[in-house]
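Architecture at a glance
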Amino acid sequence: MTAVSKQVQVQLGDRSYPIYIGSGEIQRADIASHICGQKVLIVSNETIAPLYLELVEKQLVGKQVDKVILADGEQFKNLDNLNLIFDQLITSHHDRKTTLIALGGGVIGDMTGFAAACYQRGVAFIQIPTTLLAQVDSSVGGKTAVNHAMGKNMIGAFYQPQAVIIDTDTLSTLPDREFNAGLAEVIKYGLIVDADFFVWLENNLEALLNRDQQALAYAVELSCISKSRVVAADETEQGVRAILNLGHTFGHAIETFQQYKDWIHGEAVAAGMVMAAELSVMAGDLCSADLARIKNLLTACSLPIAPPSGMAADDFMRLMVRDKKVLDGQLRLVLLESLGSACVSDQFSTADLDEMLNKTCISV
Ligand code: NAD
Ligand code: GLY
């Protein structure tokens, strides 16, 4: 265990909470201090539990620790599997003082958070994210949800955790494909709020891809700082928080089109960010040179920069009308004003959108 340990605070008044970041943090952070009652339910999946469940359990001596181990995969992020969490809570007599612990990636985190939001109208929960994507994005900010067959994250709630414990050591077992998908969300922060960070990523990508501990801890910390600032400014996405969804309108359409079975979330977001950037260039905001830098950085992370083959412009239009940013029937998109600055707009040209979709869908 190294001495590196950082703390970022999500400032939300009486619902503020700490994010602990570091190597060996599962052992170092005082998890028990964020648990109010005597009962805990750890929610994990069949891949992560054998790797890290015992480590977490060791920090909970003296508590009644129950577990529910779900099937692994985005296709299991649904109401049926959510019900397995409620079954376990009720069977083991958990009351309002229980605490749920999400041990896993974004799928487990989103499902556990939503279960905590609903169980007996709301109980405490802690996030222990084990993918890069979950460490830099999904575990922070309180968005919880399950998917519906007709749309991603359609059923959910804003519900904040008591604490987020990010142990960067858990990334050592993460497959390359998942690690790279997490980098898409890291790059997102450079694009939407922090141009200097984008440059840092360009200059330090090799260290990150080699999972250098210092580079990783820095990238995770900077990402969490950016995310918590946006969340603190707009917890329930009435305005600015929507910029965190850069590329997601297109990305969610890709995931729904593929029924959550082919590309993983970060890959879909990577292609979606390029599509949003293309549209931003057409709008006369982002310059072509910066679009090329975005494509280069994503490509260097082995991420897609165009929609999957087989997907047509019409598929995007059909699926994007269900996006949660649609208001009063009007599609809104996150666009880049420049590198490091994003806005949410319903003022884009529909002719540009058509042209961009037809161009990118045909080019694959
Ligand atoms: P995931 O949770 O499916 O995890 C990816 C894979 O890695 C899984 O097979 C998992 O079992 C495995 N895994 C996790 N940690 C591991 C480890 N340390 N070692 C080895 N294997 C490990 O996917 P994800 O990318 O973490 O999350 C994607 C989900 O997050 C999507 O459902 C997306 O909608 C959601 N999301 C939510 C938010 C939010 O704000 N709530 C933000 C972004 C994404
Ligand atoms: N991942 C988008 C958000 O948290 O708002």
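Above this note sits the structure.
Residues numbered from 1 in each chain as written. Chains lettered and ligands numbered in written order. Predicted model: local features only at pLDDT ≥ 70, side-chain atom pairs only at ≥ 80, totals over all residues. Heavy atoms only, no water.

1. Considering the side chain of Ser226
- Relative to the helices and strands, Ser226 is located in helix 8 (residues 213–233).
- According to the relative accessible area criterion, Ser226 is buried, its value standing at 8%. (Helix = DSSP H or I, 4+ residues; strand = E, 2+ residues; numbered from the N terminus. Buried < 20%, exposed > 50% of the residue type's maximum accessible area, 1.4 Å probe, protein only.)

2. Some words on the site of ligand 1
- Around ligand 1, the surrounding shell holds 27 residues, and the nearest of these are Glu74, Lys77, Thr130, Thr131 and Thr173.
- Here an oxygen atom of ligand 1 and a side-chain polar atom of Lys77 are 2.8 Å apart.
- At 2.9 Å from a nitrogen atom of ligand 1 is found a side-chain nitrogen or oxygen belonging to Asp110.
- Here ligand 1, which alone exposes 860 Å², has 91% of that area covered by the protein.
- Contributing elements (two or more residues each) for the shell around ligand 1: helix 2 (49–57), helix 4 (106–118), helix 5 (132–138) and strand 8 (151–158).
- Here the shell around ligand 1 is composed, by residue class, of seven nonpolar, eleven polar and nine charged. (Near = heavy atom within 4 Å. Polar contact = N/O pair within 3.5 Å; in protein donor to acceptor, adjacent residues only side chain to side chain. Areas by Shrake-Rupley, 256 points an atom, 1.4 Å probe, with all protein chains shown as cover. Nonpolar A, V, L, I, M, F, W, Y, C, P; charged D, E, K, R; others polar.)

3. With respect to the pattern of salt bridges
- In the structure shown here, the tally under the stated rule is 18 salt bridges.
- A salt bridge links Asp137 to Lys188; its shortest N-O distance comes to 3.0 Å. Taken together, the positions of Asp137 in helix 5 and Lys188 in helix 6 (residues 176–192) put the pair 51 residues apart, joining distant regions of the chain.
- If you follow the salt bridges from partner to partner, you end up with Asp137, Glu185, Lys188 and Lys227 in one network. (Salt bridge = Lys/Arg side-chain N within 4 Å of Asp/Glu carboxyl O.)

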